[in-house]
Structure formats: structure tokens, C-alpha cells
Amino acid sequence: MEKTENGKFEGLTETDQEYLADLLKQLADDDYLLSFRSSEWLGLAPHIEEDVASASISQDMMGHASMYYGLLGDICGRDADDLAHFRKPADRRNSILTEKRNGEGEYLDAPKYDWAYHVVRNLYYNMHKKVKLDALKQSSCSPLRDVAAKAAMELYYHELHWRTWFIELMNSNDDAKARMTAALEKVNGECADLFHLGKYAEDITAKGYIAPEAEMKDSFRKEMEKVFGQTASVFSFPDAQKENGRLGGHTRDLEDALELMNEVYGSVPEAKW
Amino acid sequence: MKVEKILDEELILSKLAEVKDPEIDTVSIVDLGMVYKVAVADKNIKVTLLPTFSGCPALPIIEKNCAAALLELDGVDSAEVEFTFSVPWTSDRVTEDGIRGLKEFGIAPPPEFIEGDGSWHVDCPYCGSTFVTMENIFGPTACRSILYCRNCRNPFEAMKLVSSNMH
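Residues numbered from 1 in each chain as written. Chains lettered and ligands numbered in written order. Predicted model: local features only at pLDDT ≥ 70, side-chain atom pairs only at ≥ 80, totals over all residues.

A.B. asks: I'm lost on the overall build of chain A in this one. Help?
C.D. replies: Secondary structure assignment for chain A yields 10 helices and two strands. Its helices and strands in sequence order give chain A the pattern α-α-α-α-β-β-α-α-α-α-α-α, from N to C terminus. Taking the principal axes of the C-alpha coordinates as reference, chain A spans close to 60 × 45 × 35 Å. Burial analysis of chain A (273 residues in total) assigns 44% to the buried set. Long-range contacts, defined as pairs at least 24 residues apart, comprise 74% of the intrachain contacts of chain A with a sequence gap of at least 6. (Helix = DSSP H or I, 4+ residues; strand = E, 2+ residues; numbered from the N terminus. Buried ≥ 20, exposed ≤ 12 C-beta atoms within 10 Å, placed from the backbone. Contact = placed C-beta atoms within 7 Å.)

A.B. asks: Which parts of the structure should I look at to understand the sheet that holds strand E3 (residues 35-41) of chain B?
C.D. replies: Remark on secondary structure: sheet strands pair via backbone hydrogen bonds, oriented parallel or antiparallel. Residue and element names in this part refer to chain B. Pairing is mixed across the open sheet formed by three strands, whose spatial order is E3-E4-E5. Two strands in the sheet have a free side with no partner beyond their single neighbour: E3 and strand E5 (78-83). Going from strand to strand, the sheet's axes swing by 15° on average, the running direction of each strand aside. As defined by bridge partners, strand E4 (residues 44-49) adjoins E5 across six bridges and the pair is classed as parallel. Each bridged residue has a counterpart across the sheet, and for isoleucine 45 the counterpart in E5 is alanine 79. On top of the sheet, helix H1 (residues 9-16) reaches E3 and E4; it is set at about 130° to E3, its chief contact. (Pairing = 2+ DSSP bridges. Axes fitted to C-alpha atoms, helices over the stretch in contact; angles between N-to-C directions.)

A.B. asks: Explain the domain arrangement of chain B here, please?
C.D. replies: All names here are of chain B. Here chain B is described as being made up of domain 1 (9-83) and domain 2 (102-159). A straight line from the C-alpha centre of domain 1 to that of domain 2 covers 28 Å. Contact with domain 1, which involves eight residues of that partner, is made by seven residues of domain 2. Here the side of domain 1 that touches domain 2 is built from residues that sort into four nonpolar, three polar and one charged. (Domains from an automatic or database assignment. Nonpolar A, V, L, I, M, F, W, Y, C, P; charged D, E, K, R; others polar.)

A.B. asks: Which parts of the structure should I look at to understand the packing of helix H1 (residues 14-39) of chain A against helix H2 (residues 48-76) of chain A?
C.D. replies: Any two packed helices are characterised by the angle at which their axes cross and by the distance between the axes. Residues and elements named next belong to chain A. Between H1 and H2, whose axes approach to 8 Å, the crossing angle comes to 160°. With respect to H2, the axis of H1 lies roughly antiparallel. When the axes of H1 and H2 are compared, the crossing they make is left-handed. Among the residues making up the contact of H1 with H2, the classes are represented as 18 nonpolar, seven polar and two charged. (Parallel < 35°, antiparallel > 145°, perpendicular 65-115°, else oblique. Left-handed = near helix turned anticlockwise from the far one by under 90°.)

A.B. asks: Hey, could you run me through the interface of chain A and chain B in this one?
C.D. replies: How big an interface is tends to be expressed through the accessible area that disappears when the partners come together. The interface is formed by 25 residues belonging to chain A together with 18 residues belonging to chain B. Among the secondary structure elements, those contributing two or more residues to the side of chain A that touches chain B are H2 and helix H6 (142-170) of chain A. In terms of residues, the side of chain A that touches chain B owes the most to one element, H2(A), which gives 12 residues.

A.B. asks: Help me understand the sheet that holds strand E9 (residues 155-159) of chain B in this model?
C.D. replies: Taking strand neighbours across the sheet as the criterion, the four strands line up as E6-E9-E8-E7 (chain B) in an open arrangement whose pairing is mixed. Looking along the sheet, the strands with just one partner apiece sit at the ends: strand E6 (107-108) and strand E7 (132-136) of chain B.

A.B. asks: How do you make sense of the nonpolar core when you look at a structure like this?
C.D. replies: Nonpolar side chains tend to gather and get buried jointly when the protein is soluble and globular. Judged by nonpolar contacts, the single largest core of 111 residues is most densely connected at A:Tyr68, A:Val119 and A:Val120. For this core, the element with the most residues is H6(A), which contributes 14 residues. Residue-level mapping places this core at the junction of two domains, with at least three residues from each of domain 1 (9-83) and domain 2 (102-159) of chain B. Beyond its immediate stretch of four places on either side in the chain, A:Val120 contacts A:Phe166, A:Met180, A:Ala183, A:Leu184 and A:Val187. (Core = buried A, V, L, I, M, F, W, Y, C linked by C-beta atoms within 7 Å.)

A.B. asks: Explanation requested: the pairing of E3(B) in the structure shown.
C.D. replies: The side chains of a regular strand alternate, first on one face of the sheet and then on the other. All names here are of chain B. Judged from the six bridges that link them, E3 and E4 form a sheet pairing that is antiparallel. Among the inter-strand pairings, valine 38 is bridged to a residue of E4, identified as valine 47. Where E3 hands over to E4, the hairpin turn is made up of two residues, of which aspartate 42 adopts a positive phi near 55°.

A.B. asks: Just checking my understanding: could you explain the environment of B:Trp120 for this structure?
C.D. replies: All names here are of chain B. When you line up the elements, tryptophan 120 lands in the loop between E6 and E7. Judged by C-beta crowding, with 17 C-beta atoms within 10 Å, tryptophan 120 ranks as partly exposed. Taking the C-alpha atoms as reference points, tryptophan 120 and valine 94, 26 residues apart in sequence, are found 17 Å from one another. Apart from residues lying up to four places away in sequence, tryptophan 120 is in contact with Pro111, Phe113, Ile114, Glu115 and Leu161.

A.B. asks: Any chance you could explain the packing of H2(A) against H6(A) here in plain terms?
C.D. replies: Residues and elements named next belong to chain A. Two numbers describe how H2 lies on H6: the axes approach to 10 Å, and their chain directions differ by 165°. Between H2 and H6, the angle is such that the two are roughly antiparallel. The two elements H2 and H6 cross, and the hand of that crossing is left-handed. Contacts between H2 and H6 involve Ala53, Ile57, Asp60, His64, Met67, Tyr68 and Leu71 on the former and, on the latter, Pro143, Val147, Lys150, Ala151, Glu154, His158 and His161. Class assignment for the residues of the contact of H2 with H6 results in eight nonpolar, three polar and three charged.

A.B. asks: Looking at this model, I keep getting lost on helix H2 (residues 59-71) of chain B. Mind explaining?
C.D. replies: All names here are of chain B. Over its 13 residues, H2 extends 18 Å from the first C-alpha to the last, a length consistent with the 18 Å expected when each residue adds 1.5 Å. For H2, the set of buried residues is Leu59, Ile62, Cys66 and Leu70. With its buried residues spanning 60° around the axis, H2 presents them on a single face. Along its buried surface, H2 packs onto H1, E4 and E5. (Expected span 1.5 Å × (residues − 1). Arc of directions from axis to C-beta.)

A.B. asks: Just to check I follow, could you spell out helix H3 (residues 96-104) of chain B for this structure?
C.D. replies: Three or four residues apart is the spacing at which side chains of an α-helix point the same way, because the helix has 3.6 residues per turn. All names here are of chain B. Among the residues of H3, Gly98, Gly101 and Leu102 are the ones counted as buried. For H3, the buried positions fall inside an angular range of 100° around the axis, keeping them on one side. Where H3 is buried, its residues contact strand E2 (24-28), E6 and E9. Following H3 by one or two positions, glycine 106 adopts a phi angle in the positive range, close to 90°.

A.B. asks: Explain the environment of A:Asp109 to me, please; I cannot follow it from the model alone.
C.D. replies: All names here are of chain A. Along the chain, the position of aspartate 109 falls in strand E2 (residues 109-113). Of the residues examined, aspartate 109 has 6 C-beta atoms within 10 Å and is grouped as exposed. Between the C-alpha atom of aspartate 109 and that of leucine 247, which follows or precedes it by 138 residues, the distance is 32 Å.

Right under this line is the structure:
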């Protein structure tokens, strides 16, 4: 399967389209949701330079989501904005880790967000994304390879950023260590579905769109052990959790996030921005 | 007798060179290496551009400015502008003119390579000193970082290195 000059898919059967659409939803919804959650830190990050960095990373992630929604739109004939805004929670394929709120309170109402959680969540997510993009760069599907190559160049800076924060805080004072330990525990309860490839997992890997889950988990483990090797803690990764976002199971936090994000767009969908 | 000017690539590129980065008026999209392909069929032009960063909010503005500029050319009926990711934009696509334009604006050109620990080095665009510190890899736009020159004591920005060799 190749794409034409204008970046469109070619020669996809109906079932191919179904498999690819499910995979693209996983990739797009992940970046979309975590980009939103990260943007809720705007103005609240620990210091001004971090506020700039964090916002810039969120913007890149929204760009990645936009590339994936663009490909998804090519397959299902829908507008990327509509795909981002108007799909119901049950049709979302993002990992639970990407949808959870940042901590207590609301952005506009006493946000008592947890920076340790933000750092740990982003380290796990970004390292997972690095492994996935490496696999997608070898995909049998050329539009996926192209988008992965583009996203990987930007991810380089993101992963470096969160890894630096993680190692610094893990080796900092007792207060930081206690907060990081609590954050690790929380993330461990939300990240089991990160590498799950959804209901078409076997078909998606048989088609060569992406590497099998076990292979990617193994690469992830190796990368994370290198990072944890620079701290006093030991890396662990959960096997299962209550909800599996890749199968459309989600928490209340997703509904809240979508409702807030779609409020303006949903009021006048035909408006041009 | 009216002689029609033929729409050749050179003419189109010189027109595209008038389309500046919406935030940096000293560099054009040609200088930045964003123009990937120009196709002409009769009086219709199709230009394919490479986005620098995927989430760059300036892309729709560039698209609009590009089409408007091309339509100013004599004998053009339609101008289509599209973006592609089939070839990723890398910072080594910035031309010599682009490097000059960036410096003129107070932005250091992108470094050519990155060290093993992720650090990289550029010189101050104002005084040329190598005595600079990185303040923030992430800057006011996705493609730029914030640095400080310890010699002339000016804060400045640098274009980020973007290359396929980054792992």
C-alpha cells in the first residue's frame, strides 16, 4: 500500500480502513487529551521558563494530534476538527493516563494541581510515544511512517525535558521524593493500556502497521530502566487496570475534558477561525 | 502585440520569496526551505509546502498569503497551496539568505549538530560571541529557543535544530 503524491492512502480494503482508523484514533486521542491536560498548566507551572516550555510542548502535541486526525479524516471522509471535537467518549481510544485530571480543583476554580504527577505522567507517556514512533517509522503504511518521522523530531525535545525533570526531582529533597513516589503509584494505576492496540490488535500488527504490543513494551522497559537507573527507585509497569481506553472504556475525567474543550467549537461548528 | 510571460518555476519562486514568515519579516518561506514543490498546469499553480513544526499556528496565514501572492502574477487563473509531511522539514533546509535574514532579526540560525547529552551551541546573533547560555530550549514559538549572551548581555533566540538524526 502506498499513498499518492498528495499524501492520501491508496489501495485500502474496507477492513484495512477499519484497522487503521482504530489505530489512528489511539494515536490522535492520546496526544489530543494529554495536550489539553498539559495546557491546563498554563500560568500555573513552577516557574516562568517552565510555563513557556510546557505550553510549547502542548502545542507540538496538538500538532501531532492534528496530523493523525488529518489521516483519519482521509480514511473516513470527515473533517479533522469534527473528529477531534465531536466523537463520543465510547468512540475514544486514548489511554486512561492521558485523560485524568491534573489534581484537585478546576483550572478556573482553585486549581491545586500536582506537578509531580505531571512530570511522571509525561515521562511515561513520552517514553511510550518514543517507542511507538520508532515502530511507526517502520510501518508498512507510508502516511504513518511520514507522520511518525515528523513527530519524532519534535518529541526528541519533549522526552529530554520530562526525563530531566524526573531525574532531578527523584534525586531531590524528601518532600520531592515523597511527592514523586505518590505520583508513580498513581501513574501505575492508569498506564496499563498504553501499549494495548485495541480490538484489532492482532490484525493491526499482522498488517505491519505497528510492532506487536509485547515488543514495544520490552523496548519501553529497557528505556525506562535506563532512566530509573539514575534514581534510587526501581521501574515497574502494571499488567492490567479497571478501564481500558483502547477498547473505549474511560473515566468521568474524559467526559469532563471533552465537554470543556468542545464548548466553544460546539456552539457554532460552522464558524471559521 | 501582447507577449504572454511564461509561468516558469523561477518566476513563481521569486514571487514566493515575497511571502515572509508572519512573525519574522526578514525571511521568506523560500529562505526557510519550506517550498517543496511547484507544479504548473496551464494557468494553474500548485505549490506544496513543508510545515516547520506540525502545530505551527502560522500555517493557515502562510497558506493564504502564498495563494494571494501567486494570484498577483500575470496570467494565473488559480493558485493552490498544500502542506505535506511526506518529506519532513529539517533545519538544514534554511538557506544562506535565510541565515542572514534570521540574524538581522536577532535570531541565531539553527545549530548544525547536537551533542550526545542533548546540548547544542550557537553564537550570539548580535556580537558573534560564543559566550552564551541556554535559558530555555522552548521559546515563544515552537521552532525557537531562548538564549542569553554573556558578552553583550542581550537575550536572543535561536532556531531549534530539527534533523532526522535525532534519537
